[in-house]
Amino acid sequence: MSSPLAAGPVTPLSSISSLSCSQAPLELCSASPSPLSFSLSQEAADALLIAVDAKAALEAAKEHLAQATAVLDQLVEAGLLIERNLPVVSGYTVYRQEGRASWSYPDSIKQLEAQLKKRKQLAEQLGDATQKRGQPFWTIKESEKVF
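A brief look at the structure comes next. (Residues numbered from 1 in each chain as written. Predicted model: local features only at pLDDT ≥ 70, side-chain atom pairs only at ≥ 80, totals over all residues. Heavy atoms only, no water.)

### Describing the overall build of the protein chain
Counting its regular elements, the protein chain contains three helices and zero strands. Going from N to C terminus, the protein chain has its helices and strands arranged as α-α-α. Here the protein chain, with 147 residues, has 7% of them falling under the buried criterion. In the protein chain, the proportion of contacts linking residues at least 24 apart, taken out of those at least 6 apart, comes to 54%. (Helix = DSSP H or I, 4+ residues; strand = E, 2+ residues; numbered from the N terminus. Buried < 20%, exposed > 50% of the residue type's maximum accessible area, 1.4 Å probe, protein only. Contact = heavy atoms within 4.5 Å.)

Laid out in C-alpha cells, this is it:
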C-alpha cells in the first residue's frame, strides 16, 4: 500500500485554509442517505481528512519499515551485517534485538488461571470489583466495502 502522503509531514489543521469540501471524498461531504445523516462543519471535515491522511501515511511507513528490516534480517543471517555497534544513521541508533521470551505453563497452572478468571468474573457480577476506564481515543481503520 503506497501513499503519496508517506513522504511528507502532516499539515496542521490551523494551516489548512484551502482545503474545501469540494476536495473531500464524496462520502464525507455529501448528504447521501444513511441511517445516521448529519452535516459536518468545514473544521470537522478538515480534521477528519487530516486524520485519515495521517493514518494512511502511518500505514505506508510501517510497511516501508517492515520491508527495510526484512532486508536487514537477510543481511545479518547471511553474515554480511553485524547486529550491534552499527553507525548512527540520521540521528538514529539501529540494532537487532533478540525476540521476547514467552512461557508455556503446565496444566496445573492453567487450571489455577482458569479458576482465578472465573472468580474475577463473579466479583464483577457481584459488584465487588471496580471498573476503570482509560482515556478516550480515536480508531481509524479502513472501512469494509459494501456493494
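From this point on, the discussion continues.
### Regarding unusual backbone geometry
Although it is not a glycine, asparagine 85 adopts a positive phi angle of roughly 60°. Of note, asparagine 85 is situated in the loop between helix H2 (42-77) and helix H3 (107-126). Since its relative accessible area comes to 74%, asparagine 85 is described here as exposed. Phi is positive for serine 90, which is not a glycine, with a value near 50°. With respect to the helices, strands and loops of the structure, serine 90 is situated in the loop between H2 and H3. Accessibility expressed as a relative area gives 70% for serine 90, which makes it exposed.

### Side note on a nonpolar patch on the surface
Taken together, the side chains of Val71, Leu72, Leu75, Leu80, Tyr92 and Val94 define a hydrophobic patch exposed on the protein surface, amounting to about 550 Å² of accessible area. Tracing the sequence through the fold places valine 94 in the loop between H2 and H3. (Patch = residues over 30% accessible without salt bridge, like charges linked within 9 Å, V, L, I, M, F, W, Y side chains within 5 Å. Areas by Shrake-Rupley, 256 points an atom, 1.4 Å probe, with all protein chains shown as cover. Salt bridge = Lys/Arg side-chain N within 4 Å of Asp/Glu carboxyl O.)

### Regarding H2
Between its first and last C-alpha, H2 extends 52 Å over 36 residues, near the 52 Å set by a 1.5 Å rise per residue. For H2, the complete set of buried residues consists of Ala45, Asp46, Leu49, Ile50, Ala57, Ala60 and Val76. (Expected span 1.5 Å × (residues − 1).)

### Notes on H3
When the terminal C-alpha atoms of H3 are compared, their 29 Å separation across 20 residues agrees well with the 28 Å that a helix rising 1.5 Å per residue should span. In terms of burial, H3 is largely open, as just zero of its 20 residues are buried. Within two residues after H3, glycine 127 carries a phi angle of roughly 85°, on the positive side.

### A word on the pattern of salt bridges
Pairs may arise between side chains of opposite charge once their charged atoms sit close together. Considering all chains together, one arrives at five salt bridges under this definition. Notably, a salt bridge pairs lysine 55 with glutamate 59, separated by 3.3 Å at the nearest N-O pair. Taken as a pair, lysine 55 and glutamate 59 lie in helix H2 at a separation of four residues, close to a single helical turn. Residue lysine 55 is classed as partly exposed on the basis of its relative accessible area of 27%. In this structure, arginine 96 and glutamate 83 form a salt bridge, with 3.9 Å as the shortest nitrogen-oxygen distance. Taken together, the residues arginine 96 in the loop between H2 and H3 and glutamate 83 in the loop between H2 and H3 connect sequence positions 13 residues apart. Residue classification places arginine 96 among the partly exposed residues on the basis of a relative accessible area of 27%.

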